[in-house]
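# Coordinates in review
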Amino acid sequence: MAYLLNGDLLEIEGDPRLDDGTLFVPLRKVANALGFNVDFEASTYNAIIYATNGDIVTLKNGEGNAEINGAAMPMQAAPFVENGEMWVPVRFFERVLNVTMQADPKNGIVEFSK
C-alpha cells in the first residue's frame, strides 16, 4: 500500500481501504501531505479543510455532501470517523480540492500530482 506525490513516496500512516467499491483514505494525513490545513472537531466529528485557493471545505461524519464556502457538493460516499481519524473517498481530493490523482485499488496505490 502506497501513496505517491508527483512520483515520490509519501510517508502516510493508514493504508487506503476499499469499502463497497469506494477507496477511502485518512483525510488529515493525506491533506496535510498535499499542503492543505485541516482542523478536526472531535466533539462534532466535523473536519474543516483550508484550501490553498482560499476555499473553506467542511465535512461532516456520515453526510454525503461537502460544503465549499457554504455550498453543498455531493461526494462519492459519506466520510466516516474511526479511532479519531476521518476517512474520505479518495476522489474527494480530485473533485473538491482539484488535486489530480490516480488510484489503483487492486494494488493499493494512490498517486497524486500537483
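Criteria and thresholds
- Residues numbered from 1 in each chain as written.
- Predicted model: local features only at pLDDT ≥ 70, side-chain atom pairs only at ≥ 80, totals over all residues.
- Heavy atoms only, no water.
- Helix = DSSP H or I, 4+ residues; strand = E, 2+ residues; numbered from the N terminus.
- Rg over C-alpha atoms; globule rule 2.2 N^0.38 Å.
- Buried < 20%, exposed > 50% of the residue type's maximum accessible area, 1.4 Å probe, protein only.
- Areas by Shrake-Rupley, 256 points an atom, 1.4 Å probe, with all protein chains shown as cover.
- Lys, Arg positive; Asp, Glu negative; His and termini not counted.
- Charge placed at Lys NZ, Arg CZ, Asp CG, Glu CD.
- Phe/Tyr/Trp six-rings, centres within 6.5 Å; stacked < 30°, edge-to-face > 60°.
- Lys NZ or Arg CZ within 6 Å of the ring centre and 35° of its normal.
- 1 Å grid on protein atoms, 1.4 Å probe; cavity = no way out; pocket = protein on both sides within 12 Å on 5 of 7 lines; lining within 4 Å.
- Points joined across faces, edges and corners; volume = space filled by probe spheres on them.
- Nonpolar A, V, L, I, M, F, W, Y, C, P; charged D, E, K, R; others polar.
- Pairing = 2+ DSSP bridges.
- Axes fitted to C-alpha atoms, helices over the stretch in contact; angles between N-to-C directions.

### Examining the overall build of the protein chain
Across its full length, the protein chain holds two helices and 13 strands. The globule rule puts the C-alpha radius of gyration for 114 residues at 13 Å, and the 13 Å found for the protein chain is close to it. Expressed as lengths along the three principal axes of its C-alpha atoms, the size of the protein chain is roughly 35 × 30 × 20 Å. The burial tally for the protein chain puts 40% of its 114 residues in the buried class. Split by element, the accessible area of the protein chain, about 6100 Å² in all, is 43% carbon and sulfur. Of the side-chain charges in the protein chain, 8 are positive and 16 negative, and the distance between the mean point of each set is 2 Å.

### Focus: the packing of aromatic side chains
The description of two aromatic rings rests on the distance between their centres and on the angle between their planes. Counted by the stated rule, this structure contains five aromatic pairs. Plain terms: the ring middles of F40 and Y45 are 6.4 Å apart, the flat faces sit at 40° to each other, and that makes the pair tilted. A relative accessible area of 39% places Y45 in the partly exposed class. Centroid distance F80 to W87: 6.4 Å. Interplanar angle 5°. Geometry classified as stacked. When its relative accessible area of 6% is taken as the criterion, W87 is described as buried. For the cation-ring pair, R17 lies above W87, with the distance from its terminal atom to the ring centre recorded as 4.0 Å. The ring of F36 carries the charged tip of K114 above its face, separated from the ring centre by 5.2 Å.

### What about empty space enclosed by the protein?
According to the stated counting rule, one finds one cavity of 30 Å³ or more in the structure shown. Considering the residues around the largest cavity, the lining is formed by M73, P74, M75, Q76, P89, R91, F92, R95 and V96. Residue contributions to the lining of the largest cavity peak at three residues, all from helix α2 (residues 91-95). Counted by class, the lining of the largest cavity contains six nonpolar, one polar and two charged residues.

### Regarding the sheet that holds strand β12 (residues 100-104)
Strand order across the open sheet formed by four strands is β2-β1-β13-β12, with mixed pairing between neighbours. Strand pairing shows two members of the sheet lacking a second neighbour, β2 (8-10) and β12, which therefore form its edges. Strand-to-strand, the axes of this sheet are offset by a mean angle of 25°, without reference to chain direction. In terms of strand pairing, strand β1 (residues 2-5) meets strand β13 (residues 109-113) through four bridges, oriented parallel. When the bridges of β13 are listed, A2 appears paired with I109.

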